[in-house]
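For reference, the chains in residue letters:
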Amino acid sequence: MNKRLLLLFSVISIFLFTSCFEFVEEVTFNKDGSGSAVLTINLSKSKTKLASIMLLDSINGYKVPSKVTIRKKVQEIVSKIKGTKGVHNVKNTLDFNEFIVTVSCDFDNVEALNKVIANFSSKKHIEAIKKNKHFTFNEKSKTFTRSHHFDLGKEFRKTKNQDRKVFETATYTSVYRFETPIKSTENNQARISKSKKAIMLHLQAQDIIANKQTIKNKIQLEN
């Protein structure tokens, strides 16, 4: 599979060897548009299989990355994020027992958050992010927008059938929290919490790739 595509979801190539993983995007927003974010790649459901695979040299024609290589890839991403203007308190964890990776940070505004997300993409996709923001927040209208500008289906169709199994049971979850109550949401798959200050979207990766579902959303906050 195209490793640039995989980098959109993670920074470790062991995704090539398991279809059971979760990508979780948690973002907490303050009234002024600043906030904090935590991105998590959770492969714990496949930890036994992955532990065995890590002992091999290669599988399905792909070289199995060593722990040193994986750590290096993660640190490359983290270093770029640390150097991003408007981003602070960058932290990360890499658990080889449970196979969970997290990257967290605080950001001054959604523009800085967009730059954080760009660090997980190829050069080509970074340019797209600059033109079409993943996140926007209109402080005046109290509107938060989550966009998505990649044609994953097109990239997916270019891959080998055995590589497509990577996404068979993969899931995407987003959780956005606000200081101000949520008035409405345009994505009918999203669920607003009882407090109305958080919203969650949980989708199957296959549905996103096939354009059956979307991570796009427009959230209207109360004035």
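Quick caveat, the model's predicted, so the values are computed rather than measured.

Here we take up helix α3 (residues 67-82). End to end, α3 covers 22 Å across 16 residues, agreeing with the expected 22 Å (1.5 Å per residue, within 8%). What α3 keeps buried is the set I70, V74, I77, V78 and I81. Projected onto a plane normal to the axis of α3, the buried residues spread over an arc of 100° and lie on a single side. Turned more than 90 degrees away from the buried face of α3, the exposed residues are V68, K72, K80 and K82. Against the buried residues of α3 lie β5 (87-95), β6 (100-107) and α4 (110-118).

Looking now at the pairing of strand β1 (residues 22-29). The pairing of β1 with strand β2 (residues 35-42) spans 8 bridges and is antiparallel. Across the sheet, V24 pairs through a bridge with T40, a residue of β2. Linkage of β1 to β2, two consecutive antiparallel strands, is achieved through a turn of 5 residues, within which G33 is found at a positive phi near 95°.

Time to look at the sheet that holds strand β10 (residues 182-185). Reading across the sheet, the 4 strands line up as β7-β8-β13-β10 and stay open at both edges, with antiparallel pairing between neighbours. Of all the strands in the sheet, just β7 (135-138) and β10 have a single pairing partner and so form its edges. With direction set aside, neighbouring strand axes in the sheet form an average angle of 15°. As judged from the 3 bridges shared by β10 and strand β13 (residues 217-221), these two strands associate in the antiparallel manner. Across the sheet, the residue bridging to I182 is L221, located in β13.

Every α-helix carries 3.6 residues per turn, so stepping three or four residues along brings you back to the same face. Burial runs high along α4: 7 of the 9 residues are buried. Residues V110, A112, L113, N114, V116, I117 and A118 constitute the buried set of α4.

What counts, and where the lines are drawn
Residues numbered from 1 in each chain as written. Predicted model: local features only at pLDDT ≥ 70, side-chain atom pairs only at ≥ 80, totals over all residues. Heavy atoms only, no water. Helix = DSSP H or I, 4+ residues; strand = E, 2+ residues; numbered from the N terminus. Expected span 1.5 Å × (residues − 1). Buried < 20%, exposed > 50% of the residue type's maximum accessible area, 1.4 Å probe, protein only. Arc of directions from axis to C-beta. Contact = heavy atoms within 4.5 Å. Pairing = 2+ DSSP bridges. Axes fitted to C-alpha atoms, helices over the stretch in contact; angles between N-to-C directions.

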